[in-house]
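Residues per chain are reported as follows:
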Amino acid sequence: EFAGVKKLDLVIVSHPHSDHYGGMAHILQRFDCDLVLMPQIDESMINDKSAYALFMRTVEKRNIELRSPVIGEKFRLADNASLKILSPIRTDYEDLNDVSIMARYEHGENSFLFTGDVGFEAEYDIIDSGADIDELAAYANEIKSRTIHLFTVNDLNHLHRGGRLSKMSAVL
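Residue numbering note: each chain is counted from 1, following its sequence as written. In keeping with the model being predicted, local features are shown solely for residues with a pLDDT of at least 70 and side-chain atom pairs are shown and tallied solely at 80 or more, while totals for entire chains, interfaces and linings include all residues. With hydrogens and water set aside, each side-chain value is computed from the structure's full complement of heavy atoms.

Visitor: For this particular structure, what's the right way to read the sheet that holds strand 5 (residues 81-87)?
Guide: As a general point, the strands of a sheet are linked pairwise by backbone hydrogen bonds and lie either parallel or antiparallel. Strands were regarded as paired on the criterion that DSSP finds at least two bridges between them. The helix and strand labels rest on DSSP assignments: H or I over at least four residues marks a helix, E over at least two residues marks a strand, and numbering proceeds from the N terminus. If you walk across this open sheet you meet the four strands as 4-5-6-7, and the pairing is antiparallel. Single-partner strands in this sheet number two, and they are strand 4 (74-78) and strand 7 (110-114). Going from strand to strand, the sheet's axes swing by 20° on average, the running direction of each strand aside. Bridge count for strand 5 against strand 6 (residues 102-107) is six bridges, and the pairing is antiparallel. Across the sheet, Ile85 pairs through a bridge with Ala103, a residue of strand 6. Angles here are taken between N-to-C directions and fall from 0 to 180 degrees, while the axes themselves are lines fitted to C-alpha atoms, restricted in helices to the stretch in contact.

Visitor: I keep staring at the side chain of His15 and nothing clicks. Help me out?
Guide: For His15, the location among the structural elements is in the loop between strand 1 (7-12) and helix 1 (18-21). Owing to a relative accessible area of 0%, His15 belongs among the buried residues under this scheme. Contacts were defined at the residue level, with two residues in contact if any of their heavy atoms lie within 4.5 Å. Those residues within four positions of His15 in sequence are excluded, and the remaining contacts are His20, Tyr21, Pro39, Leu96, Asn97, Val99, Ser100 and Asp117. Three labels apply to residues, based on accessible area from a 1.4 Å probe with only protein chains included: buried if under 20% of the type maximum, exposed if over 50%, partly exposed otherwise in between.

Visitor: How should unusual backbone geometry be read in this particular structure?
Guide: Keep in mind that most residues, glycine aside, have a negative phi and that most peptide bonds are trans. In this model, Ser87 is joined to Pro88 through a cis peptide bond whose omega is 20°. Considering the arrangement of structural elements, one finds Pro88 in the loop between strand 5 and strand 6. Phi is positive for Asn63, which is not a glycine, with a value near 55°. You can see Asn63 is positioned in the loop between helix 3 (49-61) and strand 3 (65-67). Judged by its relative accessible area of 70%, Asn63 falls in the exposed class.

Visitor: I would appreciate a short explanation of the sheet that holds strand 2 (residues 32-37) in the present structure.
Guide: The sheet built from three strands is open, its strands ordered 1-2-3 with parallel pairing. Pairing within the sheet leaves two strands with one partner each, and these edge strands are strand 1 and strand 3. The sheet shows a mean angle of 10° between the axes of neighbouring strands, direction not considered. With three bridges joining them, strand 2 and strand 3 adopt parallel strand pairing. Of the residues in strand 3, the one forming a bridge with Val36 is Leu66.

Visitor: Please explain helix 3 as it appears in this structure.
Guide: Given a helix with a known number of residues, its expected span is that number minus one, times 1.5 Å. Taking 1.5 Å as the rise per residue, helix 3 with 13 residues should run 18 Å; its terminal C-alpha atoms sit 18 Å apart, in good agreement. Along helix 3, the residues that are buried comprise Ala51, Tyr52, Phe55, Thr58 and Val59. One side of helix 3 holds all its buried residues, which, seen down the axis, span an arc of 130°. Structural note: helix 3 exposes Ser50, Arg57, Glu60 and Lys61 on the side pointing more than 90 degrees away from its buried face. Where helix 3 is buried, its residues meet helix 1, helix 2 (24-30), strand 2 and strand 3. Positive backbone phi, at 55°, marks Asn63, one or two positions downstream of helix 3. Within this analysis, the arc is defined by the directions that extend from the helix axis to the C-beta atoms.

Here is the structure:
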């Protein structure tokens, strides 16, 4: 509102963890919105049922289109700006983070990769999917670096994205 924004053309909820959609109901109550993209998952995987219910009620009440993304789908956002959907490849992962929408945003000569909380299994699925390697080259190199690093560290305890401590052996 401070910046003069009155309408949101597109909102992406990378995956249905409450830290990614928890405040979205409030935002969607304040701004008009055409489309919300969110991966379709089994609702039994939802970790915060009340926040999810509020989010879904708000989308329905405001008559906002809610749908799953399509791999390769491209959205024109503004002059010389676009967003291309790269994942999720599948929606049957055990870890809800792996269902995250990954998208590449391009504006002029600049591009950014938004990865949500995608984890190792989904990262490899994305690379194995045949996605345009130019789009994923830098990200793939980062994954390779992290993987090599995983095999060279002595202490297999690490701080997981999201802050919880876990054992790397579960990932290896």
